[in-house]
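One-letter residues, chain by chain:
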Amino acid sequence: VHPIAPFAAPGDNLKLCAGEPRLIPFTCAHPSQDRWEEGVKEAMEGGCKGLKIHPILQRLAPEDPFYFDLLEVFAPYGRPVMAHAGEFDYYIVKDGYSAYGDTLRYEKLIAAFPQVPFILVHMGLYFPDKRLDLARRYENVYLETSFQPLRKVREAVGVAGRERVMFGSDWPESDSKYALRIARKAAGEDADLRDRITGANILALVS
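Residues numbered from 1 in each chain as written. Predicted model: local features only at pLDDT ≥ 70, side-chain atom pairs only at ≥ 80, totals over all residues. Heavy atoms only, no water.

Draft legend 1. Representation of helix H6 (residues 128–137) in the model. The set of residues buried in H6 consists of Pro128, Arg131, Leu132, Leu134 and Ala135. Buried residues of H6, viewed axially, fall in a sector of 160°; they line one side. (Buried < 20%, exposed > 50% of the residue type's maximum accessible area, 1.4 Å probe, protein only. Helix = DSSP H or I, 4+ residues; strand = E, 2+ residues; numbered from the N terminus. Arc of directions from axis to C-beta.)

This is the structure in structure tokens:
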């Protein structure tokens, strides 16, 4: 369950997910929030399993110093970062922030924190090859499959291996059954790969 600051506070998802073990809360932060450092620490120590960043909606470039400060606080917990990847205009009136979704702009952050798993979601949307390129060069880059066709998911497995590809649907923006069907087809008759893509790989990062 992914919050996006400043529209949510670091610990909000702990409350939302309380009492439901099937829901896995992530935390978030934004420089406009008071005491965000303490908020992230409290959220992680309270049970959050990862960090969500979304440069477009947060209106912060991936190379903004804030994200480096945030990762300095977050990295010691050894949990994954779930990062939006892919240029996209969210609003009818284009606001100029779409370019913040360019996957390659994460490279400095990924390189600076090699111990942190970075899950670049949507495989870059319209430009999945950018994300595949990062996965070839950085072992801490993971590939999430939402909005990608079968051939690209299969290519992702070939590039990143069976341990760094994971099913995603971006629900409720898409119907998860179609994305799940593609993930299963990509695995074919390989039961171990199917299990990894459809759950085991992400659980290994948050358990």
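Moving on from the coordinates now.
Draft legend 2. Structural view of helix H8 (residues 176–187). Its 12 residues place the ends of H8 17 Å apart at the C-alpha level, agreeing with the 16 Å of an ideal helix rising 1.5 Å per residue. Turning to H8, its buried residues number three or more, namely Ala179, Ala183, Ala186 and Ala187. Along the axis of H8, the buried residues cluster in a sector spanning 100°; they form a single face. Those residues of H8 that are buried lie in contact with helix H7 (150–160) and helix H9 (191–206). For H8, the side-chain oxygen to backbone nitrogen distance between the N-cap and Lys177 is 3.0 Å, and the N-cap itself is Asp175. Residue Gly188 follows H8 closely and has a positive phi angle near 60°. (Expected span 1.5 Å × (residues − 1). Contact = heavy atoms within 4.5 Å. Polar contact = N/O pair within 3.5 Å; in protein donor to acceptor, adjacent residues only side chain to side chain.)

Draft legend 3. The arrangement of the pattern of salt bridges in detail. Applying the stated criterion across every chain, the model contains 10 salt bridges. Arg105 serves as the salt-bridge partner of Glu63, at 2.6 Å between the closest nitrogen and oxygen. Of this pair, Glu63 sits in the loop between helix H3 (55–58) and helix H4 (65–74) while Arg105 sits in the loop between strand S2 (81–84) and helix H5 (107–112), placing them 42 residues apart in sequence. Residue class for Arg105 comes out partly exposed when judged on its relative accessible area of 26%. Each member of the salt-bridge network shares a partner with another, and the members are Arg162, Glu163, Asp190, Asp192 and Arg196. (Salt bridge = Lys/Arg side-chain N within 4 Å of Asp/Glu carboxyl O.)

Draft legend 4. Broad picture of the sheet that holds strand S3 (residues 118–121). Reading across the sheet, the 5 strands line up as S1-S2-S3-S4-S5 and stay open at both edges, with parallel pairing between neighbours. Looking at the sheet topology across the chains shown, the edges are occupied by strand S1 (51–53) and strand S5 (165–166). Bridge count between strand S4 (residues 141–144) and S5: 2 bridges; the pairing is parallel. Bridged to Leu143 within S5 is Val165. (Pairing = 2+ DSSP bridges.)

Draft legend 5. Up close: a nonpolar patch on the surface. Together, Phe88, Tyr90, Tyr91, Tyr126 and Phe127 make up a nonpolar patch on the protein surface, roughly 530 Å² of accessible area in all. With respect to the element layout, Tyr126 can be found in the loop between S3 and H6. (Patch = residues over 30% accessible without salt bridge, like charges linked within 9 Å, V, L, I, M, F, W, Y side chains within 5 Å. Areas by Shrake-Rupley, 256 points an atom, 1.4 Å probe, with all protein chains shown as cover.)

Draft legend 6. Up close: the packing of H6 against H7. Axis separation between H6 and H7 bottoms out at 9 Å; the angle between their running directions is 15°. Overall, the two elements H6 and H7 adopt an arrangement that is roughly parallel. Two packed elements cross with a definite hand, and for H6 against H7 that hand is right-handed. Contacts from Pro128, Asp129, Leu132, Ala135 and Arg136 of H6 reach H7 at Lys152, Glu155, Ala156, Val159 and Ala160. Looking at the contact of H6 with H7 residue by residue, the classes come out as 6 nonpolar, no polar and 4 charged. (Axes fitted to C-alpha atoms, helices over the stretch in contact; angles between N-to-C directions. Parallel < 35°, antiparallel > 145°, perpendicular 65-115°, else oblique. Left-handed = near helix turned anticlockwise from the far one by under 90°. Nonpolar A, V, L, I, M, F, W, Y, C, P; charged D, E, K, R; others polar.)

Draft legend 7. Here's a closer look at the nonpolar core. Ranked by internal contacts, the top residues of the largest apolar core, which has 41 residues, are Ile53, Leu70, Leu71, Val81, Phe118, Leu120 and Leu143. Sequence-distant contacts of Leu143, defined by excluding residues within four places in its chain, comprise Met123, Arg131, Leu132, Ala135, Ala156, Ala160, Arg164, Val165 and Met166. Formed by 8 residues, the second largest nonpolar core is a distinct cluster that contains Val121, Tyr142, Leu205 and Val206. (Core = buried A, V, L, I, M, F, W, Y, C linked by side-chain atoms within 4.5 Å.)

Draft legend 8. Fine view of the packing of aromatic side chains. This structure, assessed with the given rule, holds 3 aromatic pairs. For the pair Phe66 and Tyr67, a centre-to-centre distance of 5.9 Å together with 55° between the ring planes defines the contact as tilted. Classification of Tyr67 as buried rests on a relative accessible area of 0%. Ring pairs connect the aromatic residues Trp36, Phe66 and Tyr67, which therefore count as one cluster. (Phe/Tyr/Trp six-rings, centres within 6.5 Å; stacked < 30°, edge-to-face > 60°.)

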